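Below are the chains, spelled out letter by letter.
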Amino acid sequence: MYDSLQRILKKTEDDIRSQGLWKTERELQSPQGAEITVNGKRVLNFSANNYLGLANNPDVISAAKKALDRYGYGLSSVRFISGTQEQHRKLERTLAQYVGMDDAILYSSCFDANAGLFETLLAGDDAIISDELNHASIIDGVRLCKAERYRYKHHDMDDLENQLKAAQSKRIKLIVTDGVFSMDGEMAKLKDICDLADRYDAVVMVDDSHATGILGPNGRGSGEATGTMDRIDIVTSTFGKAFGGASGGFTAARQEIVDFLRQRSRPYLFSNSLAPVVVATTQYIVDHADTLKQAREQLMHNTEKFRSAMTSAGFTIRGNNHPIVPIMLGEATVAAAIAADLLNEGVFVIGFWYPVVPQGTARIRVQLSAAHTDEHVNKAIEAFTRIGKKHGLIQ
Ligand SMILES: *Cc1c(COP(=O)(O)O)cnc(C)c1O
């Protein structure tokens, strides 16, 4: 009998629709890239996490094709039964080295890495001290865990210290933060966080999904960018963004932590092995440091160009030199209207507003990619400027 459930769902849907918050998906008729086809129209894409432009890179695709022939399509097993190929372990060692950790463990996604972390390591007499704006997967992972929860105000180191004091009697204290906050393009204050961790005997965990491959001189992430790589104890991250964007994630950490996750982490134990083609292609990507370096330079060039041009044009933007560039617009209706106008001009961007971001801080989030050419970036700047003037946002 579906009737009552259906009635409730319909009613909830009406509520969501009446608030204008019902999400619809745009269907791409092309691969992911700097240019995509939407509704039969070629448009410039500034709303993917395809930071290094690898999602449709010909060398990456050919590595993936070779991998299919060599390793097969599926494994039909979890890792500890018959789902570990030599290449899974090899990639784990490579990733650990890449982010400066002892070892790493693969997951089907970073969401799973976060879901399988906290409850495995912590018990009721422990404490998690978490930035209030951390990613949903961290929040869900923390919910699964019996440790006491302490939330500190976003970026607020005084409040973090207060929470650490409040948690002082706990057995283990784990500070948890995104390396880069995805709505603002802002980096966590990792140096201050690590200093406080030292002072209050706390472990530090960073979810570096928006930083792995792109931040720091060698793309090793926000630890490298802030000089704290050897002070962070646990890093989780994704292959779903800079590293080709297919799927998969990992946790890299001190040896005992990874060993323990392999024994006990539920999404690792009870979910299928990462697909062989994803493992091999990720290995190919991480092994090609030169390609990554070139892509990173292009990405940073594009980022600096776009950020400085938008600031000169009079727009208010946020974040510190990250390819996520939020254009602050205030009201949801403004952000929606501008995103629609931009799409008409062939520039695909997405507006975000309450409840995704706080009231009155609606924005369009632009994401740069190494796949963008100077011409692409110029077109976006011109379109923003024209439409910004039309709406009276800039002069
Ligand atoms: C994207 C993202 C994730 C999810 O990664 P998936 O591999 O897609 O599950 C987790 N944490 C943060 C901070 C992210 O930005």
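## A short note on the overall build of the protein
Scanning the protein for helices and strands turns up 15 helices and 15 strands. The C-alpha radius of gyration of the protein comes to 22 Å, within 12% of the 21 Å expected for a compact globule of 395 residues. Along the three orthogonal principal directions, the C-alpha set of the protein runs to about 60 × 60 × 55 Å. Residue burial in the protein is summarised as follows: out of 395 residues, 53% are buried. Put simply, of all contacts in the protein between residues at least 6 apart along the chain, 69% involve residues at least 24 apart. Split by element, the accessible area of the protein, about 18500 Å² in all, is 49% carbon and sulfur. Taken together, the 45 basic and 49 acidic charged side chains of the protein have centroids lying 3 Å from each other.

## Structural notes on the layout of surface pockets
Each pocket or cavity is described by its volume, and for the largest pocket that value is around 790 Å³. Together, 23 residues line the largest pocket, and Lys23, Thr24, Arg26, Ile350 and Gly351 are the ones closest to its centre. Considering every element that reaches the lining of the largest pocket, the biggest residue donor is helix H14 (residues 332-344), with four residues. Residue composition of the lining of the largest pocket, by class: 14 nonpolar, five polar and four charged.

## Side note on the sheet that holds strand E2 (residues 41-45)
Read across the open sheet, the three strands follow the order E1-E2-E13; overall the sheet is mixed. Looking along the sheet, the strands with just one partner apiece sit at the ends: strand E1 (35-38) and strand E13 (347-348). Pairing of E2 with E13, which is carried by two bridges, proceeds in the parallel orientation. Bridging across to E13, Leu44 finds its partner in Val347.

## Comments concerning the environment of Asp126
Residue position: Asp126 is located in the loop between helix H5 (118-121) and strand E4 (127-131). The class for Asp126 is buried, based on a relative accessible area of 0%. In sequence terms Asp126 and Lys146 are 20 residues apart; their C-alpha atoms lie 8.1 Å from each other. The residues contacting Asp126, other than those within four sequence positions of it, are Leu121, Ala147, Glu148, Lys170, Arg171 and Ile172.

## Observations concerning the sheet that holds strand E11 (residues 249-253)
Read across the open sheet, the seven strands follow the order E3-E11-E10-E9-E6-E4-E5; overall the sheet is mixed. Each of the sheet's edge strands pairs with one partner strand only, and the pair in question is strand E3 (103-107) and strand E5 (148-152). Across the sheet, the axes of successive neighbouring strands diverge by a mean angle of 20°, strand direction being ignored. Contacts from helix H3 (residues 86-99) reach E3 and E11 within the one sheet, and its direction differs from that of E3 by about 125°. Contacting E3, strand E10 (234-238) and E11, helix H10 (residues 255-264) crosses the sheet at an angle of about 30° to E3.

Rules behind the numbers
- Residues numbered from 1 in each chain as written.
- Predicted model: local features only at pLDDT ≥ 70, side-chain atom pairs only at ≥ 80, totals over all residues.
- Heavy atoms only, no water.
- Helix = DSSP H or I, 4+ residues; strand = E, 2+ residues; numbered from the N terminus.
- Rg over C-alpha atoms; globule rule 2.2 N^0.38 Å.
- Buried < 20%, exposed > 50% of the residue type's maximum accessible area, 1.4 Å probe, protein only.
- Contact = heavy atoms within 4.5 Å.
- Areas by Shrake-Rupley, 256 points an atom, 1.4 Å probe, with all protein chains shown as cover.
- Lys, Arg positive; Asp, Glu negative; His and termini not counted.
- Charge placed at Lys NZ, Arg CZ, Asp CG, Glu CD.
- 1 Å grid on protein atoms, 1.4 Å probe; cavity = no way out; pocket = protein on both sides within 12 Å on 5 of 7 lines; lining within 4 Å.
- Points joined across faces, edges and corners; volume = space filled by probe spheres on them.
- Nonpolar A, V, L, I, M, F, W, Y, C, P; charged D, E, K, R; others polar.
- Pairing = 2+ DSSP bridges.
- Axes fitted to C-alpha atoms, helices over the stretch in contact; angles between N-to-C directions.

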